[in-house]
Amino acid sequence: MSIHCRVARSEDKEILVNLIVQLQEFHHLPRQTQREITRDIEQMPASFEAWIAENENDEVLGLALVAIYPGPGIAKGLYLKELFVVSASRRSGVGHALMNALARSACSRGFPRIDLVTTYENAKARAFYDGIGAKADESKVFYRLDADALSALAEEIPQR
């Protein structure tokens, strides 16, 4: 099977919505409506890219969602938010093809790294990332302000 990876175009909105619905189902995430997903896609910042993997028949096989994140005095890099392969195409090289395309894109733009996270429990993902040469950085801890914590922090009155 031949796998082609590319950055999604504006006409790929329906493809992206379908892939994100499948991704939410696979990860047991709260489900958004198709309208909400479409709105989110339309409001993606310019520093965010959606990559699509397809076979030679233009059948959609997978998705990678990445952000470009430069900072003052910090070299640009890619942050892989999601890597998802449709169920019928898992273990057929699609994830590797997407990561290869991201690596080529990062190198061609002079980005020295791709950062990503996965859960400790996701042994298959960890083995996959280990297998492509990614190194786990045990010196870092992933944090998240969820909706409740975010609202509580936003409501605090700053001390002067």
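Scroll up to find the structure this text is about.
One structure accompanies this document, and this report is about it. For clarity, every value in this text was computed on a predicted model and none was experimentally measured. (Residues numbered from 1 in each chain as written. Predicted model: local features only at pLDDT ≥ 70, side-chain atom pairs only at ≥ 80, totals over all residues. Heavy atoms only, no water.)

**Regarding the packing of aromatic side chains**
The geometry of an aromatic ring pair is captured by two quantities: the separation of the ring centres and the angle between the planes.
And step 1. Taken as a whole, this structure holds two aromatic pairs when the rule is applied.
And step 2. Here Phe128 and Tyr129 contribute two aromatic rings whose centre-to-centre distance is 5.3 Å and whose plane-to-plane angle is 65°, an arrangement assigned as edge-to-face.
And step 3. Of the residues examined, Tyr129 reaches a relative accessible area of 10% and is grouped as buried. (Phe/Tyr/Trp six-rings, centres within 6.5 Å; stacked < 30°, edge-to-face > 60°. Buried < 20%, exposed > 50% of the residue type's maximum accessible area, 1.4 Å probe, protein only.)

**Remarks on the nonpolar core**
And step 1. Core analysis: the biggest nonpolar cluster contains 20 residues, and Cys5, Trp51, Leu78, Leu80, Leu98 and Leu102 have the highest contact counts within it.
And step 2. Those elements giving two or more residues to this core turn out to be β2 (48–55), β3 (60–68), β4 (78–85), α3 (94–108) and α4 (123–131).
And step 3. Per element, the largest residue contribution to this core is seven residues, and it comes from α3.
And step 4. Ignoring anything within four residues of it in the chain, the contact list for Leu80 reads Ala64, Leu65, Val66, Met99, Leu102, Ile114, Asp115, Leu116, Val117 and Tyr129. (Core = buried A, V, L, I, M, F, W, Y, C linked by side-chain atoms within 4.5 Å. Helix = DSSP H or I, 4+ residues; strand = E, 2+ residues; numbered from the N terminus. Contact = heavy atoms within 4.5 Å.)

**Section: the pattern of salt bridges**
And step 1. Going through the model one piece at a time under the given rule, you end up with nine salt bridges.
And step 2. Between Arg6 and Asp12 there is a salt bridge, and its shortest N-O distance comes to 2.6 Å.
And step 3. Relative accessible area serves as the criterion here: at 10%, Arg6 is assigned to the buried category.
And step 4. What you see here is one network of salt bridges that share partners, running through Arg6, Asp12 and Glu54. (Salt bridge = Lys/Arg side-chain N within 4 Å of Asp/Glu carboxyl O.)

**Comments concerning the environment of Ala101**
And step 1. Tracing the backbone through its elements, the reader meets Ala101 in helix α3.
And step 2. Separated by twelve residues in the primary sequence, Ala101 and Ser89 have C-alpha atoms spaced 17 Å apart.
And step 3. The residues contacting Ala101, other than those within four sequence positions of it, are Cys5 and Trp51.

Keep in mind these numbers describe shape, not what the thing actually does.
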